[in-house]
Structure formats: C-alpha cells, structure tokens
Amino acid sequence: MKIEVVNRGHQPLPTYATEQSAGMDLRANLSEPVVLRPMERRLIPTGLHIALPEGYEAQVRPRSGLALKRGITVLNAPGTIDADYRGEVGVVLINLGQEDFTVNDGERIAQMVISSYEKADFIEVASLDETERGEGGYGHTGVK
C-alpha cells in the first residue's frame, strides 16, 4: 500500500524496524527537549501529514520499551488517524512513571499501525438473540 506523506519536520519518514513488524516508529519533531513530569501529558509533534486511502485508519500506539522501562505511554491508545484527516500527526504522551522524562528531538515515541476497518449501520430492534453469556459483564466468564 502506498501512503502519501508530507514531511514538514526534519525527521526521516516512518519505517518498519523488521520485515514482520506491524508498526512503524514515530519520532518526536522538536526544536527543544520536552520534559514530562510524573502524571503530565503533552502533545508531541511528528511533523508528518498523511493521506490514508478510504477504508483505512492509522493507529498510534505506545512503544513497549518506553512503557515498561519509563512508564511513558500514549494516553488515548490507540489514537486514531482517520482517512480524511490532513493535519499533523501528533502523539499524546503521558508520564505514568515516578521520575521526569525528557523527550528529545528524533526520539522514537510511539508506533503507528495501518489498519482497514468496516463501516457499520445500527439497526434498532426490540430484542437481541439469546447467548450462553447473556448479559454477564466484566469478569463474568471467570478465570481458568
């Protein structure tokens, strides 16, 4: 799949780290470092503007290493970039760790996964079919 991109930043375009990677790394595009204090959130720019084909979205997800080692994650994970959005791709980072975290220019801050989706039409009905689970909520199926 070919995706048109305008790079208004100074970082390289996203690439896959390995042949079977699902996500491409997104890099911070900063003029100066950004310090995230514990429980602080900030929108980090990437400089990228993309044009996805109709029927596709881009999902912005946390990087597992930053999450595990530093408590840095994407607050609205996964963040959705719609096919008709043409603004800059930004990453809402939050520091869930106990120490300040400095985001430096060019740092890999998130990953982006391209995914297809289906459109749905809701049809109002009087009742739903019966299932074994029924209306059982969170944790209803138990732990095995």
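Everything that follows concerns the structure shown earlier in this document.
Residues numbered from 1 in each chain as written. Predicted model: local features only at pLDDT ≥ 70, side-chain atom pairs only at ≥ 80, totals over all residues. Heavy atoms only, no water.

The subject of this paragraph is the sheet that holds strand S7 (residues 72–74). Read from one edge to the other, the open sheet built from three strands follows the order S4-S9-S7, with strand pairing classed as antiparallel. Each having just a single partner strand, strand S4 (41–45) and S7 make up the two edges of the open sheet. Averaged over all pairs of adjacent strands, the angle between their axes in this sheet comes to 35°, without regard to strand direction. Here S4 pairs with strand S9 (residues 90–95) via five bridges, running antiparallel. Within S9, the position partnered with Arg42 by the bridge is Leu93. (Pairing = 2+ DSSP bridges. Helix = DSSP H or I, 4+ residues; strand = E, 2+ residues; numbered from the N terminus. Axes fitted to C-alpha atoms, helices over the stretch in contact; angles between N-to-C directions.)

We now examine a nonpolar patch on the surface. A cluster of nonpolar residues, Ile123, Val125 and Leu128, forms a patch on the protein surface that exposes about 360 Å² of accessible area. Mapped onto the fold, Ile123 is located in the segment after strand S11 (108–116). For Ile123, a relative accessible area of 68% translates into the label exposed. (Patch = residues over 30% accessible without salt bridge, like charges linked within 9 Å, V, L, I, M, F, W, Y side chains within 5 Å. Areas by Shrake-Rupley, 256 points an atom, 1.4 Å probe, with all protein chains shown as cover. Salt bridge = Lys/Arg side-chain N within 4 Å of Asp/Glu carboxyl O. Buried < 20%, exposed > 50% of the residue type's maximum accessible area, 1.4 Å probe, protein only.)

Note that Asn95 resides in strand S9. Within the local environment of Asn95, its side chain forms a polar contact with the backbone oxygen of Glu99, the two atoms lying 2.8 Å apart. Residues within four places of Asn95 in sequence aside, it is in contact with Leu36, Arg37, Pro38, Met39, Glu40, Arg70, Gly71, Ile72, Asp100 and Phe101. (Polar contact = N/O pair within 3.5 Å; in protein donor to acceptor, adjacent residues only side chain to side chain. Contact = heavy atoms within 4.5 Å.)

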